[in-house]
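Survey of secondary and tertiary structure
Here's the letter readout for the chains.
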Amino acid sequence: MNLHAFLAAADAAGYLITVDREVDPYLEAARLAAEVDGRPILFRQVKGSPFPIVAGVCSDRRYFGLALGVPAEQVMFRLAEALAAALTPSPSPNPGRGEPNSVNSGTGEPVPPQNWGAGGAPCQEIVEPNVNLEAIPFLTHYAGDAGAYASAAVAFIDDPETGPNASYHRLLRLDRTRVAARLVERRGTETAWRKSGPEGLPVAICIGLPPHVLLAASMAPPPGVDELTIAQALAPTPLTTCANGIRVPAEAEFVLEGRITHELVPEGPFVDLTGTYDFTRRQPVIEIDRVTHRRDAIYQALLPGKLEHRLLMGMPREPTIYAEVNKVARCLNVHVTPGGASWLHAVVQIAKRSPDDGREAIAAAFRGHGSLKHVWVVDDDIDIFDPNDVEWAVATRFQADRGLVVLTEQPSSSLDPSAHHAPGQKSRTAKMGLDATVRWDTPTGPSDPEAYRRVG
């Protein structure tokens, strides 16, 4: 389901808000989208640009369920299945080298990606004669921003050692042909860029992608596993090849082809996941050599620090936590919570089978998501999506002297302003886990289970 098909489905379901009057991409569009955070909103008339803007596509689990054809509560399990399929060894003698290890989402059998040919893909219907990024309505989201940013941009690169990689990178527009990109240290794109020669690293940046591709690009699989393989496992994902040799989803709205150069410029400030301003850093310049797009292209924006930013960051961590916890206990579900900026907090639900399952699950959850700061482990009768229910479990089943786990000086997220940050070093923090499961005072369970049973 490409972006146009999703918007049609969202409109039919009553989710989509449409604004027909002219809207300014400088502050106004972001403000209006923030006022209806949690709903997709389409701005048909945009000041200074021929392209409509859509925001809020990723702001609710229901929308991902709509795109994948499953109930919202099943999205995490679809992600877990897709990740497992992508991690299955490819029958190809040379997996990952330019061809995603594509798998059919229904059968799990390998399928070759569709090659549209030169100019045949929807994202290549229009090839702009001149590069002019100022015609594309990058938003200025907040008055303190360094400038106009693309926030829903996914960069596709090809590492000569580990193969293709897809990842989000915010792009600060510098002028008509250049952007500055935030590359997170020691991640796929940054690692490949550091190994590149003086000419820089070829890149193709897609804006306006099918929702399932947005989800796949949010995943963090091991090096050598292409995120497009995960996308193929979620839904059919036709691909095309750019002029610079990078393969991209054929149904993207925009593709910016270029090179990540070794020129560095200040990047930031920018409001990040926690709703606070991220640091200003010296980051690489991307020279854009070619712009292609759909004939009816829609520019996709993603509101920094709002629901869609949080869901795209946090929800793809749920299956990795789920997989790790399942190694030590029977994991039933995982929720990376919005109150923890959908990055730093999680609730893990288990079916307890031994006295130490809760503490084992805490340790596994931290392995499953390295940036996790606090985690709650609860029993199968607790609704992990209801914060009141989770708090009730803590109130009635948790004792700090036996259920509290505290870890000091742990690697952490650079997004946590309370962590210790030093230039060139991994951020450090204290981490905490709470075992809020029913206490087993015998090897097979609690001696008085009725004491923990809720009535009504």
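This write-up is about the structure you can find in this document. (Residues numbered from 1 in each chain as written. Predicted model: local features only at pLDDT ≥ 70, side-chain atom pairs only at ≥ 80, totals over all residues. Heavy atoms only, no water.)

Take the overall build of the protein next. The helix and strand tally for the protein stands at twelve helices and 20 strands. Principal-axis analysis of the C-alpha atoms gives the protein an extent of 75 × 50 × 50 Å. Total accessible area on the protein is roughly 18,700 Å²; 52% of this is exposed by carbon and sulfur atoms. (Helix = DSSP H or I, 4+ residues; strand = E, 2+ residues; numbered from the N terminus. Areas by Shrake-Rupley, 256 points an atom, 1.4 Å probe, with all protein chains shown as cover.)

Residues F156 and V248 are the most contacted members of the largest nonpolar core, which totals 54 residues. If you list the elements that add at least two residues to this core, you get α1 (3-12), α3 (61-68), α4 (75-87), β6 (153-159), β10 (201-207), α6 (211-218), α7 (227-234) and α8 (307-314). With six residues, the single largest contributor to this core is α4. Beyond its immediate chain neighbours, meaning those up to four positions away, V248 contacts C123, F156, A204, C206, P238, L239, T240, C242 and V255. Among the nonpolar cores identified, the runner-up in size contains 42 residues, and V19, A155, A181 and I205 belong to it. (Core = buried A, V, L, I, M, F, W, Y, C linked by side-chain atoms within 4.5 Å. Buried < 20%, exposed > 50% of the residue type's maximum accessible area, 1.4 Å probe, protein only. Contact = heavy atoms within 4.5 Å.)

Turning next to the sheet that holds strand β18 (residues 374-378). The strand order across the open sheet built from five strands is β16-β17-β18-β20-β19, with neighbouring strands paired in mixed fashion. With partners counted over all chains shown, the strands left at the sheet margins are β16 (330-336) and β19 (404-411), one partner each. With strand direction ignored, the average angle separating the axes of adjacent strands in the sheet is 20 degrees. Of the pairings in the sheet, the one linking β16 to strand β17 (residues 345-351) comprises six bridges and is antiparallel in character. The residue bridging N333 from the neighbouring strand is Q349, located in β17. (Pairing = 2+ DSSP bridges. Axes fitted to C-alpha atoms, helices over the stretch in contact; angles between N-to-C directions.)

Inspection of the secondary structure assignment puts P221 in the loop between α6 and α7. For the pair P221 and Q283, spaced 62 residues apart in the sequence, the C-alpha separation amounts to 24 Å.

The subject of this paragraph is helix α10 (residues 357-368). End to end, α10 covers 16 Å across twelve residues, agreeing with the expected 16 Å (1.5 Å per residue, within 8%). Looking at α10, one finds that the buried residues are D357, G358, A361, I362, A364, A365, F366 and G368. (Expected span 1.5 Å × (residues − 1).)

This brings us to the sheet that holds strand β15 (residues 299-300). Reading across from one edge, β1-β2-β3-β15 is the order of the four strands in this open sheet, with mixed pairing throughout. The open sheet has two edge strands, β1 (17-23) and β15, and neither has a second partner. One ladder, built from five bridges, connects β1 with strand β2 (residues 41-46); its direction is parallel. In the strand pairing of β2, T18 is matched with L42. Along the sheet face, helix α2 (residues 28-35) touches β1, β2 and β3 (53-55) and points at about 155 degrees away from the line of β1.

Looking now at the pairing of strand β20 (residues 428-435). One ladder, built from four bridges, connects β18 with β20; its direction is parallel. If you follow V375 over to β20, its bridge partner there is G433. Sheet topology places β19 next to β20; six bridges connect them, and they run antiparallel. Across the sheet, Q410 pairs through a bridge with T429, a residue of β20.

On to the pattern of salt bridges, then. Applying the stated rule across the entire model yields 27 salt bridges. Notably, a salt bridge pairs R170 with E267, separated by 2.7 Å at the nearest N-O pair. Note that R170 is positioned in the loop between β7 (163-168) and β8 (171-173) and E267 in strand β13 (residues 254-267), a separation of 97 residues in sequence. There is no split in this pair, since R170 and E267 are both buried. Several salt bridges share partner residues, and in doing so they unite R170, E267, D272, D278 and R281 into one network. (Salt bridge = Lys/Arg side-chain N within 4 Å of Asp/Glu carboxyl O.)

Another point: α4. Since the α-helix packs 3.6 residues into each turn, any two residues three or four apart lie on the same face. The terminal C-alpha atoms of α4, which comprises 13 residues, lie 18 Å apart, in line with the 18 Å expected from a rise of 1.5 Å per residue. Where α4 is concerned, the buried positions are V75, M76, F77, R78, L79, A80, A82, L83, A85 and A86. Looking at the packing, one finds that the buried side of α4 touches α3, α6, α7, α9 (318-326) and β16.

With that settled, the discussion passes to the packing of α4 against α7. Two elements in contact, α4 and α7, have axes whose closest approach is 8 Å; the angle formed by their N-to-C orientations is 125 degrees. By the angle between their axes, α4 is oblique relative to α7. Relative to α7, α4 is oriented so that their crossing is right-handed. For the pair α4 and α7, contact is made by R78, L79, A82, L83, A85 and A86 and by T229, I230, A233 and L234, respectively. (Parallel < 35°, antiparallel > 145°, perpendicular 65-115°, else oblique. Left-handed = near helix turned anticlockwise from the far one by under 90°.)

Of all the five residues making up β18, five are buried; the element is thus mostly covered by neighbouring parts of the structure. Residues H374, W376 and V378 point to one face of β18 and V375 and V377 to the other, with burial holding for every one of them. In terms of strand pairing, β17 meets β18 through five bridges, oriented parallel. Looking at the pairing, A346 lines up with V375 of β18.

Take the packing of α1 against α3 next. Close contact between α1 and α3 brings their axes to 10 Å; oriented N to C, the two are set at 115 degrees. When you trace α1 past α3, the crossing you get is right-handed. On α3, the residues touching F6, A9 and A10 of α1 are Y63, L66 and A67. Across the contact of α1 with α3, the residue classes break down as six nonpolar, no polar and no charged. (Nonpolar A, V, L, I, M, F, W, Y, C, P; charged D, E, K, R; others polar.)

As far as function goes, none of this settles anything; it's purely spatial.
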